[in-house]
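Residue-level listing of the chains:
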Amino acid sequence: MSGTAPSRLSPAECTCFRVRGAARRVTQIYSRHLAPTGLKISQFSLLGFVAARGPVSITELSEMLSTDRTTLTRNLRPLLSSGTIERTAAGDRRRHELVATAAGRALFKRALPLWAAAEQEVRTAMGAKLTADLHGALDRSMEKLAAL
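This is a predicted model, so every value here is computed, not measured.

1. Observations concerning the packing of aromatic side chains
Geometrically, a pair of aromatic rings is defined through the distance of the ring centres and the angle of the planes.
Piece 1. Counted under the stated rule, the structure contains 2 aromatic pairs.
Piece 2. Arranged with centres 4.9 Å apart and planes meeting at 25°, the rings of Phe44 and Phe108 form a pair that is stacked. Within this pair, whereas Phe44 is found in helix H2 (residues 41-53), its partner Phe108 is found in helix H5 (residues 102-126), the two being separated by 64 residues in sequence.
Piece 3. Taking relative accessible area as the criterion, Phe44 reaches 5% and is therefore assigned buried.
Piece 4. Seen in terms of ring centroids, Phe44 and Trp115 are 5.9 Å apart; in terms of plane orientation they differ by 15°. Their pairing is stacked. Of this pair, Phe44 sits in helix H2 while Trp115 is found in helix H5, placing the two residues 71 residues apart along the sequence.
Piece 5. Since its relative accessible area comes to 28%, Trp115 is described here as partly exposed.
Piece 6. Members of the aromatic cluster, joined through ring pairs, are Phe44, Phe108 and Trp115.

Dropping the structure here:
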């Protein structure tokens, strides 16, 4: 922490504040690009994971995405309501899995080039080195914080 005691830090130096601010800025770029599809970036990601993975339980999906079930369920609600993702009974009928519908797969396919344009815009703005450094720092941070 560069020698500064936490009690002497200002709120502007808050790690969470800075990470969330950066995430909001990046999210705005993706939202602008994905707007024609009606998908938010969180919905795009969920739809992509479900489409790629095939039948997946909410528990498995929450573990893959490092998010809690409550947040995941809230983010899935619009996708379930719109019919892009549906619940199917698995094995014992008490367990349900999520699958992308044909409409969901088509929407994801339509959204993919828009997402790629947003990704390119972010990477271009940051440059190759900063993008790689950021990805590495985030990966290492997630590994360190997973133990907490």
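2. Concerning the environment of Ser42
Piece 1. For Ser42, the location among the structural elements is in helix H2.
Piece 2. A relative accessible area of 30% places Ser42 in the partly exposed class.
Piece 3. When the C-alpha positions of Ser42 and Tyr30 are compared, they lie 9.9 Å apart, and in sequence the two are 12 residues distant.

3. Regarding the state of the cysteines
Piece 1. Summed over the entire model, instances satisfying the criterion amount to 0 disulfides.
Piece 2. Cys14 takes part in no disulfide bond, and the closest cysteine sulfur to it belongs to Cys16, at a distance of 5.3 Å.
Piece 3. The partly exposed category is assigned to Cys16, whose relative accessible area is 48%.

4. Some details on the pattern of salt bridges
Piece 1. In total, this model carries 3 salt bridges according to the counting rule given.
Piece 2. Measuring nitrogen to oxygen at the nearest pair gives 2.6 Å for the salt bridge that ties Glu119 to Arg123. Highlighted residues: Glu119 and Arg123, both in helix H5, separated by 4 residues, approximately one helical turn.
Piece 3. In this structure Glu119 comes out as buried when scored by relative accessible area, which is 15%.

5. Digging into the nonpolar core
Piece 1. Leu76 and Leu98 are the most contacted members of the largest nonpolar core, which has 23 residues in total.
Piece 2. Contributions of two or more residues to this core are made by helix H1 (15-34), H2, helix H3 (58-65), helix H4 (69-82), strand E2 (95-100) and H5.
Piece 3. Those residues in contact with Leu76 that lie beyond four places of it in its chain are Leu46, Ile58, Ile85 and Leu98.

6. Points about the packing of H2 against H5
Piece 1. It is the contact of H2 with H5, at a shortest axis distance of 10 Å, that shows an interaxial angle of 125°. As far as their axial angle goes, H5 and H2 are oblique. Relative to H5, H2 is oriented so that their crossing is left-handed. Residues Ile41, Phe44, Leu47, Gly48 and Ala51 of H2 form the contact with H5, whose participating residues are Gly104, Arg105, Leu107, Phe108, Ala111, Leu112 and Trp115.
Piece 2. The class makeup of the residues in the contact of H2 with H5 is 9 nonpolar, 2 polar and 1 charged.

Cut-offs and rules
Residues numbered from 1 in each chain as written. Predicted model: local features only at pLDDT ≥ 70, side-chain atom pairs only at ≥ 80, totals over all residues. Heavy atoms only, no water. Phe/Tyr/Trp six-rings, centres within 6.5 Å; stacked < 30°, edge-to-face > 60°. Helix = DSSP H or I, 4+ residues; strand = E, 2+ residues; numbered from the N terminus. Buried < 20%, exposed > 50% of the residue type's maximum accessible area, 1.4 Å probe, protein only. Disulfide = S-S within 2.5 Å. Salt bridge = Lys/Arg side-chain N within 4 Å of Asp/Glu carboxyl O. Core = buried A, V, L, I, M, F, W, Y, C linked by side-chain atoms within 4.5 Å. Contact = heavy atoms within 4.5 Å. Axes fitted to C-alpha atoms, helices over the stretch in contact; angles between N-to-C directions. Parallel < 35°, antiparallel > 145°, perpendicular 65-115°, else oblique. Left-handed = near helix turned anticlockwise from the far one by under 90°. Nonpolar A, V, L, I, M, F, W, Y, C, P; charged D, E, K, R; others polar.

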